[in-house]
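Below, each chain spelled out in residue letters.
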Amino acid sequence: MDPFDAGAGGILRQPKAVWATAGASVVAFMGIGLVDPILPSIAQGLDASASQVSLLFTSYFLITALAMLVTGFVSSRIGGRRTLLLGLALVVVFAGLAGTSDTVGQLVGYRAGWGLGNALFVSTALAVIVGAAAGGSAAAILLYESALGLGMACGPLVGALLGDASWRYPFFGTAFLMAIGFLCITAFLKEQPKPARRTSLLDPVKALGHGGLASAAVSAFFYNYTFFTVLAFTPFVLNMKPYRSGAVFFAWGVLLAVFSVLVAPRMQKRFGSLKVLGGSLVLLAADVLVLGYGNHTAAVVCTILSGAFIGVNNTVYTELALGVSDAPRPVASAGYNFVRWFAAAAAPYFAPKIEEWTDVHIPFVVAAVTAVLGAVVVLVRRRSLTYEAEELEPRHATEDGVTVFAN
C-alpha cells in the first residue's frame, strides 16, 4: 500500500487522535530549533558567551537522553495518554519559566526540565501514532517524520518572528502552543489500555544487546553529533539578525521535511536503506566541510542544503531503530534514543569549545569526521543492520498502551 495514498489507510486519512498527537508533536519539535535564530540575542541579553548559551541544547538533550530510560517505565504504568499529558504539562511549565529567566544558569536549568517533558511526550507520541494510525507502520512513521520536519522548519521561523521583539517571547509562545496541544490530546485521544507486561528501567539498555539495534544507535550517535553541530553552532558562525537566521533555518527545515517524507522513501525503495544512509552521511560530511571553510554565502547555502541530508538520515534511522531488532518497538526506540541523544548533548557544548581551543573551522572538521564514522559503522555492520521492511506485520498485542508492530 502506498502510504501517500489519500484513500483509506493513507497518510492523509487518519483518526482525530492521530492528528491531535501529530499536531502536538509539531510544536514539540519546534522547541528544538526555536532558539536557533535567537542564540546571539540570548547571549547578548544575558551577558553570556557562546559556549554558555550552547548549554541550552546540552542540558535539554542530556536530560532527554537519560529520560529515555524512564519513558517506557512511566507509560507502561500510567498509560500512553497520561504520559503524553504529563510530558506536555512539563513543557508548558518549564517553557514558560524559561521566558522569565534572569541568568543563563536559570535558562539552562529550565531547558533541562523542558527536555524531560519533551522526552516523555515525543517517545510516547511515536508509539501512539504507530498504534493508532490507519495504514500500518509505513504511514505512521511518515506522519511522525512529517511532524518532525514541519516542527523543525517552523521552530526557527517562530523563534525569529517572536524573538525579534524579545528573546523571551519564543519561550512564552511555545508554552501557549503546547497548552493548546494539551487540550487537543485531552479532547481527542482516548485512554490507552495498559500493557500486560510493565517495562523496567533497564529494558532499553538490555535491548541494546541486539547487534543490529546497537549498531544503528552507535551510527546515529556519530550522525547526531554532526546534526547538532549544524543546528547549535552554525548560528554563531552565520552571525545574522534573527529574521535572516530564522529564514535560513526555515529553508533548512523545509528541505528536511521534504526529503524525509517525500524523497527518502523513494530512494530507499530504489537503492536500499543502507546504501541511501551511507551515501547521505558521506554527502553530509562534505557539506559541513564546505560550510566550515567557505565564505558567508557558501555557509548559508550549505546550512540550508544540509537539511536535505539530515531529512534522509532521520527517516532511515527511525525505520532501522524500529525494525532491526525483535524488541518491542517502544523499548527499542528508547534504547536507541538513549544512545544517540548523548551526541546531541555533546555537540553544542564541544563545538564552541573546540573553536576557542583552535579556530572556527575545526568544529566543522570534527563534524565531518563524525558523519563519516557513522557511515563506516553502517558499512562494517551492514549484515546486522539488514532487514526486510515488507516483512513487518501487525502484532495483536499492546505494548506501552498502544498497538505495536513486530518484524
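Here, the structure is the one placed above.
Residues numbered from 1 in each chain as written. Predicted model: local features only at pLDDT ≥ 70, side-chain atom pairs only at ≥ 80, totals over all residues. Heavy atoms only, no water.

## Considerations on the overall build of the chain
Along its length, the chain carries 16 helices and two strands. Of all 407 residues assigned to the chain, the portion counted as buried reaches 59%. (Helix = DSSP H or I, 4+ residues; strand = E, 2+ residues; numbered from the N terminus. Buried < 20%, exposed > 50% of the residue type's maximum accessible area, 1.4 Å probe, protein only.)

## Some remarks on the side chain of S219
By secondary structure assignment, the location of S219 is in helix α10 (residues 211-238). Residue classification places S219 among the buried positions, given a relative accessible area of 1%. Polar contacts involving the side chain of S219 include one to the side chain of Y317, which spans 2.6 Å. In this structure S219 touches L281, Y317, G374, V377 and V378, once residues within four positions along its chain are discounted. (Polar contact = N/O pair within 3.5 Å; in protein donor to acceptor, adjacent residues only side chain to side chain. Contact = heavy atoms within 4.5 Å.)

## Things to note about the pattern of salt bridges
Per the stated rule, a full pass over the model turns up two salt bridges. We note a salt bridge from R168 to D102, for which the minimum N-O separation is 4.0 Å. Pair noted here: R168 is in the loop between α7 (136-163) and α8 (169-188) and D102 is in the loop between α5 (80-98) and α6 (104-132), with a separation of 66 residues, a long-range link. We classify D102 as exposed; its relative accessible area is 57%. (Salt bridge = Lys/Arg side-chain N within 4 Å of Asp/Glu carboxyl O.)

## Observations regarding a nonpolar patch on the surface
A cluster of nonpolar residues, L161, L162, Y169, F172 and Y243, forms a patch on the protein surface that exposes about 480 Å² of accessible area. Among the elements of the structure, α7 and α8 are those that each provide at least two residues to the nonpolar patch. Looking at the element boundaries, Y243 is found in helix α11 (residues 242-271). (Patch = residues over 30% accessible without salt bridge, like charges linked within 9 Å, V, L, I, M, F, W, Y side chains within 5 Å. Areas by Shrake-Rupley, 256 points an atom, 1.4 Å probe, with all protein chains shown as cover.)

## Thoughts on unusual backbone geometry
A positive phi angle, near 50°, is found at N239, a position not held by glycine. The residue N239 is located in the loop between α10 and α11 in this model.

## Remarks on the packing of helix α4 (residues 55-78) against helix α14 (residues 329-357)
The contact between α4 and α14 brings their axes to 7 Å, and the two run at 165°. Judged on the interaxial angle alone, α14 and α4 are roughly antiparallel. Viewed along their axes, α4 and α14 form a crossing whose handedness is left-handed. Listed contacts from α14 to L55, F57, T58, F61, L62, T64, A65, L66, M68, L69 and T71 of α4 are A334, N337, F338, W341, F342, A344, A345, P348 and Y349. When the residues that make up the contact of α4 with α14 are grouped by side-chain class, the tally is 16 nonpolar, four polar and no charged. (Axes fitted to C-alpha atoms, helices over the stretch in contact; angles between N-to-C directions. Parallel < 35°, antiparallel > 145°, perpendicular 65-115°, else oblique. Left-handed = near helix turned anticlockwise from the far one by under 90°. Nonpolar A, V, L, I, M, F, W, Y, C, P; charged D, E, K, R; others polar.)

## What about the environment of W341?
Within the fold, W341 resides in helix α14. Separated by 275 residues in sequence, W341 and L66 place their C-alpha atoms 8.7 Å apart. Non-local contacts of W341, meaning those with residues more than four positions away in its chain, are made with F61, T64, A65, M68, N224 and F228.

## What to know about the environment of P330
For P330, the location among the structural elements is in helix α14. Residue classification places P330 among the buried positions, given a relative accessible area of 13%. In sequence terms P330 and S123 are 207 residues apart; their C-alpha atoms lie 7.6 Å from each other.

## Brief notes about the environment of L379
In this structure, L379 sits in helix α15 (residues 362-380). In this structure, the C-alpha to C-alpha distance between L379 and G278, residues 101 residues apart in sequence, is 7.3 Å.

## Examining the side chain of T71
Following the sequence through the fold, T71 ends up in helix α4. Assessed through its relative accessible area of 3%, T71 is described here as buried. A distance of 3.3 Å separates a polar side-chain atom of T71 from the backbone oxygen of M68. Apart from residues lying up to four places away in sequence, T71 is in contact with A119, L120, S123 and A334.

## With respect to α10
The terminal C-alpha atoms of α10, which comprises 28 residues, lie 40 Å apart, in line with the 40 Å expected from a rise of 1.5 Å per residue. Maximum bend of α10: about 35°, positioned at A232, with proline P235 one to four residues after it. Where α10 terminates, the next one or two residues include N239, which has phi positive at roughly 50°. (Expected span 1.5 Å × (residues − 1). Bend = angle between axes of the 7 residues up to and from the residue.)

## Some words on the nonpolar core
Counting 117 residues, the largest nonpolar core has I42, F61, F171, F228, L231 and W252 as its most contacted members. Not counting chain neighbours up to four residues away, the residues in contact with F228 comprise I32, F61, F233, W341, A344, A347 and P348. (Core = buried A, V, L, I, M, F, W, Y, C linked by side-chain atoms within 4.5 Å.)

## Section: the packing of aromatic side chains
Two aromatic rings, taken as a pair, are described by how far apart their centres are and by the angle between their planes. The tally for this structure, following the rule as stated, stands at 16 aromatic pairs. Plain terms: the ring middles of F227 and W252 are 6.2 Å apart, the flat faces sit at 45° to each other, and that makes the pair tilted. Placement of the pair is F227 in helix α10 and W252 in helix α11, with a sequence separation of 25 residues. The buried category is assigned to W252, whose relative accessible area is 0%. Three or more aromatic residues joined by ring pairs form one cluster here, namely Y60, F61, W114, W167, F171, Y223, F227, F228, F249, W252, Y317 and W341. Taking NZ or CZ as reference, R111 lies 4.2 Å from the ring centre of Y60, over its face. Between the NZ or CZ atom of R340 and the centre of the ring of W341, over which it lies, the distance is 4.3 Å. (Phe/Tyr/Trp six-rings, centres within 6.5 Å; stacked < 30°, edge-to-face > 60°. Lys NZ or Arg CZ within 6 Å of the ring centre and 35° of its normal.)

Distances and angles like these do not, on their own, reveal function.
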